[in-house]
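A closer look at the structure
Below, each chain spelled out in residue letters.
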Amino acid sequence: MRLAAWLSRESLLHPKLLTLMMLIYIPGTIYGYYWYKQQLINTWQDQPHWLIVFVPDSPTASLWFALAMLWLWIKPGQTLRADVRGLRHVIEALGVVTSVKYGVWATVIILAGYSQGTPLDWASWMLMTGHTAMAACALIYTRFFHFGPGALAVAALWTFLNDTMDYSFGVFPYLPSTLYDDLTAICLFTFALTACSIAATAVARFKFASDR
């Protein structure tokens, strides 16, 4: 019963909790882009410039979700023009799909590296904690969003496109050094995880759509 109370609409959409989430997500997103600083520089110098949008996977996922939550926080019941409403729905879908996908991906990759000899330092624990929480928050809040199958399809296409660019042009996130000889397996895992993340988003959104 206590867990149900914590997961209720009244608790999850309480202004103080949403404010706390913004205080976590906004600095966290900024720090995420900083974390990718060197890879962004290397991609800009050595690759076609347009590939740079496919480099910072996790911080961009966090950005989409933060925007979706910000909209939910500030103007949850506002009537929107059709074009703005459509944009909002796509952002919501992108925020959930990519947060689930990269939240799980980062944690699995860190643990896979550890299983092959890469030590776990404080940064590894920080990243696993943050990314796991990112995936969990996305699924928990999905039922309060309003995106439909069309917006989910757009998010799915974008995420699969991002996977394709990552592994076709080598702009995937830097891996633990022990994992570069497993790149084919990681590529397959990444595409499969995208499919699972889309499915999880669909279940979280449409199964619980009435609980708003």
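Since this is a predicted model, take the numbers as computed values, not measurements. (Residues numbered from 1 in each chain as written. Predicted model: local features only at pLDDT ≥ 70, side-chain atom pairs only at ≥ 80, totals over all residues. Heavy atoms only, no water.)

Section: the environment of alanine 155
You can see alanine 155 is positioned in helix 8 (residues 149–169). For alanine 155 and tyrosine 180, which are 25 residues apart along the polypeptide, the C-alpha to C-alpha distance reads 28 Å. Those residues in contact with alanine 155 that lie beyond four places of it in its chain are Ala93, Leu94 and Val97. (Helix = DSSP H or I, 4+ residues; strand = E, 2+ residues; numbered from the N terminus. Contact = heavy atoms within 4.5 Å.)

Notes on the side chain of histidine 89
The residue histidine 89 is located in helix 6 (residues 82–115) in this model. Beyond its immediate sequence surroundings of up to four residues, histidine 89 is in contact with His146, Phe147 and Ala151.

What to know about the packing of aromatic side chains
This structure, assessed with the given rule, holds 11 aromatic pairs. Consider the rings of tyrosine 31 and tyrosine 34, whose centres lie 6.3 Å apart with planes at 35°: the pair is tilted. With tyrosine 31 and tyrosine 34 both in helix 3 (residues 15–35), this residue pair falls 3 residues apart, about one helical turn. Its relative accessible area of 54% is what places tyrosine 34 among the exposed residues. One aromatic cluster is present, formed by Trp50, Phe54, Trp158 and Phe169 through successive ring pairs. (Phe/Tyr/Trp six-rings, centres within 6.5 Å; stacked < 30°, edge-to-face > 60°. Buried < 20%, exposed > 50% of the residue type's maximum accessible area, 1.4 Å probe, protein only.)

Comments concerning the confidence of the model for the protein chain
Averaged over every residue, the pLDDT of the protein chain is 90; the share at 70 or more is 91%. The least confident element of the protein chain, judged by mean pLDDT, is helix 1 (residues 2–6) at 66; the most confident is helix 8 at 97. (pLDDT = per-residue confidence, 0-100.)

Examining helix 5 (residues 57–74)
For helix 5, with 18 residues, the first-to-last C-alpha span of 26 Å sits near the 26 Å given by 1.5 Å per residue. Those residues of helix 5 that fall on the buried side of the exposure criterion are Asp57, Ser58, Pro59, Thr60, Ala61, Ser62, Phe65, Ala66, Ala68, Met69 and Leu72. (Expected span 1.5 Å × (residues − 1).)

Looking at the packing of helix 8 against helix 9 (residues 183–207)
Helix 9 packs onto helix 8 with a crossing angle of 170° between their chain directions and a minimal axis gap of 11 Å. Considering their axes alone, helix 8 and helix 9 lie roughly antiparallel with respect to each other. Taken together, the residues of helix 9 that come into contact with helix 8 (itself represented by Pro149, Leu152, Ala156, Thr159, Phe160, Asp163, Thr164 and Tyr167) are Leu183, Ile186, Cys187, Thr190, Phe191, Thr194, Ala195, Ile198, Thr201, Ala202 and Phe206. Class assignment of the residues belonging to the contact of helix 8 with helix 9 gives a composition of 13 nonpolar, 5 polar and 1 charged. (Axes fitted to C-alpha atoms, helices over the stretch in contact; angles between N-to-C directions. Parallel < 35°, antiparallel > 145°, perpendicular 65-115°, else oblique. Nonpolar A, V, L, I, M, F, W, Y, C, P; charged D, E, K, R; others polar.)

Some remarks on a nonpolar patch on the surface
There is a patch of nonpolar side chains on the surface, built from Tyr31, Tyr34, Trp35, Trp122 and Met126 and spanning about 620 Å² of accessible area. Mapped by element, the contributors of at least two residues to the nonpolar patch are helix 3 and helix 7 (122–141). Among the elements that take part in the nonpolar patch, helix 3 stands out by supplying 3 residues, more than any other. (Patch = residues over 30% accessible without salt bridge, like charges linked within 9 Å, V, L, I, M, F, W, Y side chains within 5 Å. Areas by Shrake-Rupley, 256 points an atom, 1.4 Å probe, with all protein chains shown as cover. Salt bridge = Lys/Arg side-chain N within 4 Å of Asp/Glu carboxyl O.)

Considering helix 9
Because each turn of an α-helix spans 3.6 residues, side chains separated by three or four positions in sequence point in the same direction. With 25 residues, helix 9 should cover 36 Å at 1.5 Å per step; its first-to-last C-alpha distance of 35 Å lies within 8% of that length. Three or more residues of helix 9 are buried, namely Ile186, Cys187, Thr190, Leu193, Thr194, Ser197, Ile198, Thr201, Ala204 and Arg205.

Brief notes about the environment of glutamine 45
Mapped onto the elements of the fold, glutamine 45 is located in helix 4 (residues 37–46). Considered as a pair, glutamine 45 and tyrosine 114 are 69 residues apart in the sequence and their alpha carbons are 31 Å apart.

Some words on the pattern of salt bridges
All told, the structure shown has 2 salt bridges when counted by the stated rule. We note a salt bridge from glutamate 92 to arginine 88, for which the minimum N-O separation is 3.2 Å. Here the residue glutamate 92 and the residue arginine 88 both occupy positions in helix 6, the gap between them amounting to 4 residues, near one helical turn. Taken individually, glutamate 92 and arginine 88 each receive the classification buried, so the pair is uniform in this respect. A salt bridge links aspartate 163 to lysine 101, with the nearest nitrogen and oxygen atoms 2.6 Å apart. With aspartate 163 in helix 8 and lysine 101 in helix 6, this residue pair connects regions lying 62 residues apart in the sequence. Since its relative accessible area comes to 0%, lysine 101 is described here as buried.

Things to note about the environment of leucine 188
In this fold, leucine 188 is placed in helix 9. Leucine 188 gets classed as exposed once you look at its relative accessible area, which sits at 59%. Residues leucine 188 and leucine 152, spaced 36 residues apart in sequence, show a C-alpha to C-alpha distance of 22 Å.

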